[in-house]
Amino acid sequence: MTEHRIALIPGDGIGAEVLPPATAVLDRVGRRHGIRFRYDEFDWSCERYLREGAMMPADGLDRIRHHDAILLGAVGWPGVPDHVSLWGLLIPIRRQFDQYVNLRPIAVLPGVPSPVRAAEPGLEFVVVRENVEGEYSEVGGRFRRGFPDELAVQEAVFTRPGVTRILDYAFSLAATRRGVLTSATKSNGIVHTMPFWDELVEEAGERHPEVSWHQEHIDALVAKIVLDPARFDVIVGSNLFGDILSDLAAAVAGSIGVAPAANLNPEREFPSMFEPVHGSAPDIAGRGVANPLGAIWSAAMMVDHLGHPEASAEVRSAMADVLGNTAVRTPDLGGTATTESFTRELLDRL
Ligand code: NAI
Ligand code: MG
């Protein structure tokens, strides 16, 4: 029996509604494979912020540093500015635990129609987003607040080691898949950081001759993803470009509710964090109709990361089984199932 200690952070809104389905799936698939998951739950959230003035306790990161992985629901709630919830919880975890890879696979699942005509069932690709530097930096400031000439300056920070390691991760991943990689750039408009990024892509390409790569400016790239998504397999981008690309990718796949994400520390010095792409969905929170698939798929990525690819694949195929062979689905996918009844169907098929 292998045991894994998992830190659970349900967070806000539907975050708390989609994690119980994910742990139920983990327990079910774990039993079949001799894996036991032990959970420690943390109430870090906007609710906690409003009560105690901080998203998490001062020693929060130390409390989860020795877990094998972190499973997170979603954070963010009206009344707490989004930059407070993001910078008070998610970004510290990503940065302090050096989770520099944000991996976001998408797939057009059977029975989940894509709004994009060219996106057929079976289509899949993966966005590899740089997760700890780039455009999301604290360097800069607001000046002359309230004056007519008020201004804001924000610096993007791209480092050779930071860009090199995300590119090497993406190229290595591409080598295990179709051997093709697309780099998102904007070196025609952003004249310092993006040409630097392009040069490092070229160097990475030389280290990975088995992968054929090309680059696209981000504006043209988003258009091509909509017009001809099948030509892509691994797309690598900076923190901002990767963020935008992965939401676009989730939309191409048909619903933000099914999209998963992994924040990986590939060296395994620190725990990695797994979370659905969607947020706390205040508009449907509390109604019991959230789609749990994004959280379940994220949990499946966690199982894979923890060294159990067969168990992970079983969860993926149970997902495809329910969607492809039944009409059971949550309202965001056009069905009438609740989170609970959908999960029950999935567990039965698992
Ligand atoms: P959102 O993803 O929460 O919701 C966008 C739309 O998609 C809503 O109409 C919602 O009902 C729907 N939706 C999302 N997930 C769904 C699911 N599992 N099942 C069915 N429908 C689903 O994004 P929004 O509204 O922009 O943000 C709400 C809050 O969540 C904000 O405070 C935001 O900062 C936060 N947020 C947190 C994220 C995270 O924790 N990683 C990511 C994105 C947003
Ligand atoms: Mg996003």
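Residues numbered from 1 in each chain as written. Chains lettered and ligands numbered in written order. Predicted model: local features only at pLDDT ≥ 70, side-chain atom pairs only at ≥ 80, totals over all residues.

Caption draft 1: Fine view of the overall build of the protein chain. Counting its secondary structure elements, the protein chain contains eleven helices and twelve strands. Taken along the three principal axes of its C-alpha coordinates, the protein chain extends 55 × 50 × 40 Å. Taking all 350 residues of the protein chain together, 45% fall into the buried category. Long-range pairs, those at least 24 residues apart, make up 76% of the contacts in the protein chain with a sequence separation of at least 6. (Helix = DSSP H or I, 4+ residues; strand = E, 2+ residues; numbered from the N terminus. Buried ≥ 20, exposed ≤ 12 C-beta atoms within 10 Å, placed from the backbone. Contact = placed C-beta atoms within 7 Å.)

Caption draft 2: Focus on the packing of helix H1 (residues 15–33) against helix H10 (residues 309–325). The geometry of H1 relative to H10 is characterised by a closest axis approach of 10 Å and an angle of 130° between their N-to-C directions. Taken together, H1 and H10 sit at an angle that is classed as oblique. The hand of the H1/H10 crossing is right-handed. Seen from H1, the contacting residues are Val-25, Val-29 and His-33; seen from H10, they are Glu-310, Ala-311, Glu-314 and Val-315. Here the contact of H1 with H10 is composed, by residue class, of four nonpolar, one polar and two charged. (Axes fitted to C-alpha atoms, helices over the stretch in contact; angles between N-to-C directions. Parallel < 35°, antiparallel > 145°, perpendicular 65-115°, else oblique. Left-handed = near helix turned anticlockwise from the far one by under 90°. Nonpolar A, V, L, I, M, F, W, Y, C, P; charged D, E, K, R; others polar.)

Caption draft 3: Structural detail: the environment of Glu-124. Within the element layout of this structure, Glu-124 appears in strand S5 (residues 124–130). Separated by 122 residues in sequence, Glu-124 and Ser-246 have C-alpha atoms that sit 12 Å apart. Setting aside anything within four residues of it in sequence, one finds Glu-124 in contact with Pro-105, Ile-106 and Ala-107.

Caption draft 4: Looking closely at the UniProt feature "domain: Isopropylmalate dehydrogenase-like" (unreviewed entry) in the protein chain. The UniProt record annotates "domain: Isopropylmalate dehydrogenase-like" (unreviewed entry) at residues 5–346. Taken end to end, residues 5–346 has its terminal C-alpha atoms 24 Å apart, with 41% of it in helix and 20% in strand. (UniProt positions renumbered as here; feature names shortened; annotations may be inferred.)

Caption draft 5: Structural context of the pairing of strand S2 (residues 35–41). Two elements, strand S1 (residues 2–11) and S2, share seven bridges in a ladder whose sense is parallel. Counterpart to His-4 in the pairing with S2 is Phe-37. (Pairing = 2+ DSSP bridges.)

Caption draft 6: View of H1. When the terminal C-alpha atoms of H1 are compared, their 27 Å separation across 19 residues agrees well with the 27 Å that a helix rising 1.5 Å per residue should span. Three or more residues of H1 are buried, namely Gly-15, Ala-16, Glu-17, Val-18, Leu-19, Pro-21, Ala-22, Val-25, Leu-26, Val-29 and Gly-30. (Expected span 1.5 Å × (residues − 1).)

Caption draft 7: Structural context of the site of ligand 1. If you check the shell around ligand 1, you find 23 residues, and the closest are Gly-76, Gly-257, His-278, Gly-279 and Asn-291. Here the shell around ligand 1 is composed, by residue class, of eleven nonpolar, eight polar and four charged. (Near = placed C-beta within 6 Å.)

Caption draft 8: Spatial organisation of the nonpolar core. Membership of the largest hydrophobic core comes to 100 residues, with the highest contact counts inside it found for Leu-71, Val-128, Ala-170, Ile-296, Ala-299 and Met-319. Here this core gets nine residues from one element, more than from any other, and that element is helix H9 (residues 293–305). Built from parts of two domains, this core gets at least three residues from each of domain 1 (1–99 + 260–350) and domain 2 (114–253). Those residues in contact with Ala-299, other than ones at most four positions away along the chain, are Ala-22, Val-25, Leu-26, Leu-71 and Phe-274. (Core = buried A, V, L, I, M, F, W, Y, C linked by C-beta atoms within 7 Å. Domains from an automatic or database assignment.)

Caption draft 9: Highlighting the sheet that holds S1. Reading across the sheet, the ten strands line up as S2-S1-S3-S12-S11-S4-S5-S10-S8-S9 and stay open at both edges, with mixed pairing between neighbours. With one partner strand each, in any of the chains shown, S2 and strand S9 (212–217) form the two edges of the open sheet. Direction aside, neighbouring strands of the sheet carry axes that sit 25° apart on average. As defined by bridge partners, strand S11 (residues 260–264) adjoins strand S12 (residues 272–276) across four bridges and the pair is classed as antiparallel. Among the inter-strand pairings, Pro-260 is bridged to a residue of S12, identified as Pro-276.

Caption draft 10: Fine view of the environment of Leu-245. As for its position among the elements, Leu-245 is in helix H8 (residues 239–252). Linking Leu-245 and Leu-221, residues 24 residues apart in sequence, is a C-alpha distance of 9.0 Å. With near-sequence residues (within four places) excluded, Leu-245 lies in contact with Val-127, Ala-184, Ile-235 and Gly-237.

Caption draft 11: Highlighting the domain arrangement of the protein chain. Partitioning the protein chain into structural domains gives domain 1 (1–99 + 260–350) and domain 2 (114–253). Distance from the C-alpha centre of domain 1 to the C-alpha centre of domain 2: 25 Å. With seven residues of domain 1 in contact, the opposing surface of domain 2 contributes six residues. Considered class by class, the residues forming the side of domain 1 that touches domain 2 number two nonpolar, two polar and three charged.

Caption draft 12: Structural view of the packing of H1 against H9. Close contact between H1 and H9 brings their axes to 8 Å; oriented N to C, the two are set at 40°. Comparing the axis directions of H1 and H9 gives the class oblique. The two elements H1 and H9 cross, and the hand of that crossing is right-handed. From H1, Val-18, Leu-19, Pro-21, Ala-22, Val-25, Leu-26 and Val-29 reach across to H9, where they touch Gly-294, Ala-295, Ile-296, Ala-299 and Val-303. Residues of the contact of H1 with H9, tallied by class, amount to eleven nonpolar, one polar and no charged.

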